[in-house]
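What follows is each chain in one-letter form.
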Amino acid sequence: MSEHQRTATVGDSSITVTVNHELCSGTGQCAMRAPAAFYVEDGKAWVRPDVTWDDAVRATVHLAAEGCPWWAITVDEPPR
Amino acid sequence: LDGEDVRYDPMDYAVPNPWTELAADRQACPVARNRHGFYQALSYDAVSEVLRHPERFSSRSGNNLARPGKNTDVLIYADPPVHSRQRRLMIPAFAPARVNRLEPYARKVADDLLDGVSDGAFELIEQYSNPFAMTTMGCVLLSIPIEQRPTFRRWTLAIEAETAGAPAEAWEADVAECEEYFRRELRARAEMDDPPDDLMTVLVRSQLENQPIEEDAVLFMLRILLSAGNGTTTDLITNAVWLLDQHPGQKRRFLSDVPGMVGGLVDETLRYDGPIRGIFRTATRDTAVAGCPIPAGSRVYASLMGGGHDETAFEGADDFIIDRDWNTIPPQLGFGTGPHQCVGLNFARLVGRVGLETLYSRLPNLRVRPGFQPVHRHSPIRRGFHALELIADAKQPRTTDPSMAVTPHEYKIAKVAVPGRR
């Protein structure tokens with residue numbers, strides 16, 4: 001499966017954001033909801049390498065995953 | 001700006017290219033109430049805001065002008081979370097990785113159709129753009145029998161007329177016949193041991209919230225898929241051909257590198273004059289867009305045409321330019337935006353790209369018949385011609401193998417895994 005994933009450590013926890021590129025249609029709805037975390041290039045969405053994972057950004061990333069019209073984004077955040 | 005002072009009227013079909021009216025209204029006030037009493041959003045930002053906020057602008061009952069009370073809560077007539085659960089069922093069939101596997105089949109279908117075109121007069125919609133769209137999309141997703149394409153075209157136009165608010169005699173009998181056909185097919189599939197691999201089977205065998213989907217809801221989904229699937233892609237190809245003919249400099253550029261420029265042509269057509277003119281919503285509460293107050297219960301019209309021609313989003317917005325750099329400008333709104341963004345857009349891009357590339361590779365001398373003036377069908381929602389008469393000559397040989405044994409059935413709706421949501 002073609003997918004793109006980034007994991008970041010936030011304090012004593014971590015967050016893993018996965019974009020499934022078999023489903024992603026690159027229309028940038030995630031980048032509109034969470035511009036600090038996502039960008040679109042070559043027709044697919046990607047997680048920025050330099051995200052500052054504060055609470056506000058994490059909240060928008062969850063919104064972007066729930067709002068993705070292609071069901072392409074999953075966010076894994078082990079409970080703290 | 002209010003009522004009679006609003007110049008742009010999406011229900012006035014006497015002005016085929018209302019760019020001046022759109023610009024004047026947008027300049028004065030990007031959102032205003034028109035003479036029909038509904039609010040129209042004409043700027044890129046206002047259109048995006050309406051479409052991206054279903055909690056303020058509901059899709060329920062909004063888009064069917066003839067029967068506004070009928071069939072709410074299905075796909076384009078539903079709001080999240082009901083809409084989201086239904087849309088999820090469509091995702092495997094429309095996933096880009098899956099759709100792109102249809103390309104060799106689409107190329108062969110396009111070549112086969114053009115083999116049947118002789119030198120001389122050529123009506124694009126009936127002879128090419130509609131059978132091409134219907135064969136690549138309808139025959140694959142809905143198992144439309146190839147010999148019944150003209151019947152499905154008639155049904156598609158009837159559904160469009162109903163949605164546009166035409167009198168019942170213009171659509172009622174055809175719509176009933178179409179629904180009856182789909183009802184028979186669905187009931188047959190529910191009984192089959194080995195049903196065809198298509199969206200009808202997916203829908204009739206799926207459950208939402210541990211319940212089968214009601215038959216009436218599935219029927220309405222199929223109606224929407226038929227009309228939104230082959231009707232719009234037919235117009236995408238046809239509108240692009242007309243626009244190229246109206247912009248000879250752009251046509252020369254396109255012909256200088258058809259495979260390289262066809263993607264840009266598709267996006268620019270969607271921006272400039274795409275198959276969807278505008279979309280209705282209903283305000284769920286007292287709200288405001290671009291400073292214009294909108295009372296709860298108001299009907300709101302998001303003008304995709306208005307957003308596409310907004311100079312603040314697109315430099316030279318009223319110019320047709322097929323090689324815009326889409327990496328550096330805002331995305332065009334031809335597929336809408338927000339949760340209802342066209343679920344079939346990968347399919348539509350494939351149909352548009354292969355349809356136009358094959359057409360102009362084989363008929364580089366293609367042109368509108370001198371003196372022919374196409375007429376738009378009447379709809380505030382859809383944008384397309386009744387017919388487009390062309391002259392074809394100097395046909396080039398096909399590039400696909402006519403005996404190539406490619407059938408859509410090799411491209412099954414895959415078991416694409418779609419993650420759930422919490």
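Residues numbered from 1 in each chain as written. Chains lettered and ligands numbered in written order. Predicted model: local features only at pLDDT ≥ 70, side-chain atom pairs only at ≥ 80, totals over all residues. Heavy atoms only, no water.

A. Highlighting the overall build of chain B. For chain B, the helix and strand inventory stands at 14 helices and 13 strands. Dimensions of chain B, computed from C-alpha atoms along their principal axes, come out at roughly 60 × 55 × 45 Å. Across the 422 residues in chain B, those meeting the buried criterion constitute 58%. For chain B, the share of sequence-separated contacts (at least 6 apart) that also reach a separation of at least 24 residues comes to 73%. Of the roughly 16900 Å² that chain B leaves accessible, carbon and sulfur atoms contribute 50%. Taken together, the 48 basic and 57 acidic charged side chains of chain B have centroids lying 3 Å from each other. (Helix = DSSP H or I, 4+ residues; strand = E, 2+ residues; numbered from the N terminus. Buried < 20%, exposed > 50% of the residue type's maximum accessible area, 1.4 Å probe, protein only. Contact = heavy atoms within 4.5 Å. Areas by Shrake-Rupley, 256 points an atom, 1.4 Å probe, with all protein chains shown as cover. Lys, Arg positive; Asp, Glu negative; His and termini not counted. Charge placed at Lys NZ, Arg CZ, Asp CG, Glu CD.)

B. Fine view of the packing of helix 7 (residues 149-163) of chain B against helix 8 (residues 172-191) of chain B. Residues and elements named next belong to chain B. Contact geometry of helix 7 with helix 8 gives a least axis separation of 8 Å together with a crossing angle of 120°. On the basis of their axis angle, the class for helix 7 and helix 8 is oblique. Considering the relative orientation of helix 7 and helix 8, their crossing is left-handed. Contacts between helix 7 and helix 8 pair F152, R154, W155, A158, I159 and E162 from the former with D174, V175, E177, C178, Y181 and F182 from the latter. The residue inventory of the contact of helix 7 with helix 8, partitioned by class, reads eight nonpolar, no polar and four charged. (Axes fitted to C-alpha atoms, helices over the stretch in contact; angles between N-to-C directions. Parallel < 35°, antiparallel > 145°, perpendicular 65-115°, else oblique. Left-handed = near helix turned anticlockwise from the far one by under 90°. Nonpolar A, V, L, I, M, F, W, Y, C, P; charged D, E, K, R; others polar.)

C. Quick peek at helix 12 (residues 258-273) of chain B. Residue and element names in this part refer to chain B. The principal kink in helix 12, of about 25°, is found at G264. The buried fraction of helix 12 is high, at 13 of 16 residues. The N-capping residue of helix 12, defined by a side-chain oxygen 3.0 Å from the backbone nitrogen of G260, is D257. (Bend = angle between axes of the 7 residues up to and from the residue. Polar contact = N/O pair within 3.5 Å; in protein donor to acceptor, adjacent residues only side chain to side chain.)

D. Structural view of the state of the cysteines. Counted by the stated rule, this structure contains zero disulfides over all chains. The cysteine C68 of chain A is free of any disulfide, with C30 of chain A supplying the nearest cysteine sulfur at 6.6 Å. As a non-bridged cysteine, C29 of chain B has C292 of chain B as the owner of its nearest cysteine sulfur, 5.1 Å distant. Judged by relative accessible area, C29 of chain B falls into the buried class, the value being 18%. (Disulfide = S-S within 2.5 Å.)

E. Representation of the interface of chain A and chain B in the model. The interface of chain A with chain B comprises 19 residues on the first partner and 22 residues on the second. Buried surface at the junction of chain A and chain B, summed over both partners, amounts to about 1800 Å²; 55% is from carbon and sulfur atoms. Together, L23, W70 and W71 of chain A form the three largest contributors to the area buried by chain A at its contact with chain B, with a combined 39%. Across the chain A-chain B interface, the total number found is zero salt bridges. The interface formed by chain A and chain B holds six residue pairs in polar contact (both at pLDDT 80 or more) in total. (Buried area = accessible area lost by both parts, 1.4 Å probe. Salt bridge = Lys/Arg side-chain N within 4 Å of Asp/Glu carboxyl O.)

F. Just the pattern of salt bridges, in detail. Residue and element names in this part refer to chain B. As enumerated under the stated definition, the model contains 37 salt bridges over all chains in all. For R362, the salt bridge goes to D115, with nearest N and O atoms at 2.9 Å. With R362 in helix 14 (residues 345-362) and D115 in helix 5 (residues 103-115), this pair connects stretches of sequence that are 247 residues apart. One network of salt bridges, with partners in common, ties together K108, D111, D112, D115, R362 and R398.

G. Seen up close, the sheet that holds strand 13 (residues 389-392) of chain B. All names here are of chain B. Across the sheet, three strands lie side by side as 5-13-12; this open sheet has antiparallel pairing. Either end of the sheet is taken by a strand with one partner, and the two such strands are strand 5 (120-123) and strand 12 (367-368). By the bridge criterion, two bridges tie strand 12 to strand 13 in an arrangement that is antiparallel. The residue of strand 13 that forms the bridge with V368 is L390. Contacting strand 5 and strand 13, helix 6 (residues 124-141) crosses the sheet at an angle of about 50° to strand 5. (Pairing = 2+ DSSP bridges.)

H. Summary view of the pairing of strand 8 (residues 278-283) of chain B. Residue and element names in this part refer to chain B. Among the six residues of strand 8, five are classified as buried, and the element is accordingly described as predominantly covered. Two elements, strand 4 (residues 57-58) and strand 8, share two bridges in a ladder whose sense is antiparallel. The residue bridging F57 from the neighbouring strand is A283, located in strand 8.

I. A look at unusual backbone geometry. Residues and elements named next belong to chain B. Cis geometry is adopted by the peptide bond preceding P81, which originates at P80 and carries an omega value of 5°. Looking at where P81 falls in the secondary structure, it is placed in the loop between strand 4 and helix 3 (82-94). A positive phi angle, near 50°, is found at E209, a position not held by glycine. Residue placement: E209 occurs in the loop between strand 6 (207-208) and strand 7 (211-212).

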